[in-house]
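What follows is the residue order along each chain.
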Amino acid sequence: MSKSKPWTPDEDKILLSMRKKGKKYKEISAKIGRTPRAVCNRSSVLTKATAERDAEIAMRRKWTRKQKMAFIGKKVGEGMVISSVAPLVGCSIMRARELLSEFREMERERRSIPTRTRPCCKCRKIFTTQHKCRFLCDSCNSSAQRMGW
Ligand SMILES: [Zn+2]
């Protein structure tokens, strides 16, 4: 089996532009000097590569910052190194590191105890607390404690 000559970028360019203009493989083969079959094969390789690349780029573009963060967090959690994850989401390693630390920060917050907002039983001021059985705001609570309630 004779191994065919590799395609040059120029040949690829001619092939793609002629296909765009609706030229037949036979016409292209005459122009490039390869068999119509070779032109046809190459055309499908190029079309597929272009479609895949476009799909990939589109996918990355559509990713929100949160999705990127979640993806990086998941992959790193699975043991993938950050330098391998970064190209998958189309960003630099440095940027991926930033997103990862943001992701971890977010996860920490998500896991932390929910805070409750309620009015203070004494001064009616709205306050937030992480304690379930806290009905006084911080200042009322500390004065209450001082007074030995
Ligand atoms: Zn109060």
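Owing to the predicted nature of the structure, the values given are computational and were not obtained by experimental measurement.

Peer 1: Sorry if this is basic, but what is going on with the domain arrangement of the protein here?
Peer 2: Frequently, the measure chosen for interface size is the accessible area removed from exposure when the parts meet. One can read the domain layout of the protein as domain 1 (1–61), domain 2 (63–112) and domain 3 (116–146). Computed over C-alpha atoms only, the centres of domain 1 and domain 2 are separated by 37 Å.

Peer 1: Where do I start with the pairing of strand β2 (residues 126–129) in this structure?
Peer 2: Regular strands have side chains that alternate between both faces of the sheet. Summarising the sheet, strand β1 (residues 116–119) and β2 pair through four bridges and their orientation is antiparallel. Its bridge partner lying in β2, Arg118 is registered against Phe127. Between β1 and β2, which pair antiparallel one after the other, the connecting turn spans six residues, and Arg124 there sits at a positive phi close to 70°.

Peer 1: I tried to follow the packing of helix α4 (residues 65–77) against helix α6 (residues 93–111) on my own but got confused; where do I start?
Peer 2: For any two helices packed against each other, one specifies the crossing angle of their axes together with the interaxial distance. For the pair α4 and α6, interaxial distance at closest approach is 8 Å and the crossing angle is 90°. The orientation of α4 with respect to α6, classified from their angle, is roughly perpendicular. Where α4 abuts α6, its residues Lys68, Met69, Ala70, Ile72, Gly73 and Val76 lie against Ala96, Leu99, Leu100, Glu102, Phe103 and Arg104. For the contact of α4 with α6, the class distribution of residues is eight nonpolar, one polar and three charged.

Peer 1: What is the right way to read the UniProt feature "domain: Myb-like" (unreviewed entry) in the protein from this model?
Peer 2: The residues that UniProt annotates with the feature "domain: Myb-like" (unreviewed entry) are residues 5–42. Taken end to end, residues 5–42 comprises 71% helix and 0% strand; its first and last C-alpha atoms sit 12 Å apart.

Peer 1: How should the packing of helix α1 (residues 9–20) against helix α2 (residues 25–32) be read in this particular structure?
Peer 2: α2 packs onto α1 with a crossing angle of 150° between their chain directions and a minimal axis gap of 10 Å. Taken together, α1 and α2 sit at an angle that is classed as roughly antiparallel. In the crossing of α1 with α2, the sense of the turn from one axis to the other is right-handed. Contact residues: α1 offers Glu11, Ile14, Leu15 and Met18, while α2 offers Glu27, Ile28, Lys31 and Ile32. Residue composition of the contact of α1 with α2, grouped by class: five nonpolar, no polar and three charged.

About the thresholds
- Residues numbered from 1 in each chain as written.
- Predicted model: local features only at pLDDT ≥ 70, side-chain atom pairs only at ≥ 80, totals over all residues.
- Domains from an automatic or database assignment.
- Pairing = 2+ DSSP bridges.
- Helix = DSSP H or I, 4+ residues; strand = E, 2+ residues; numbered from the N terminus.
- Axes fitted to C-alpha atoms, helices over the stretch in contact; angles between N-to-C directions.
- Parallel < 35°, antiparallel > 145°, perpendicular 65-115°, else oblique.
- Contact = placed C-beta atoms within 7 Å.
- Nonpolar A, V, L, I, M, F, W, Y, C, P; charged D, E, K, R; others polar.
- UniProt positions renumbered as here; feature names shortened; annotations may be inferred.
- Left-handed = near helix turned anticlockwise from the far one by under 90°.

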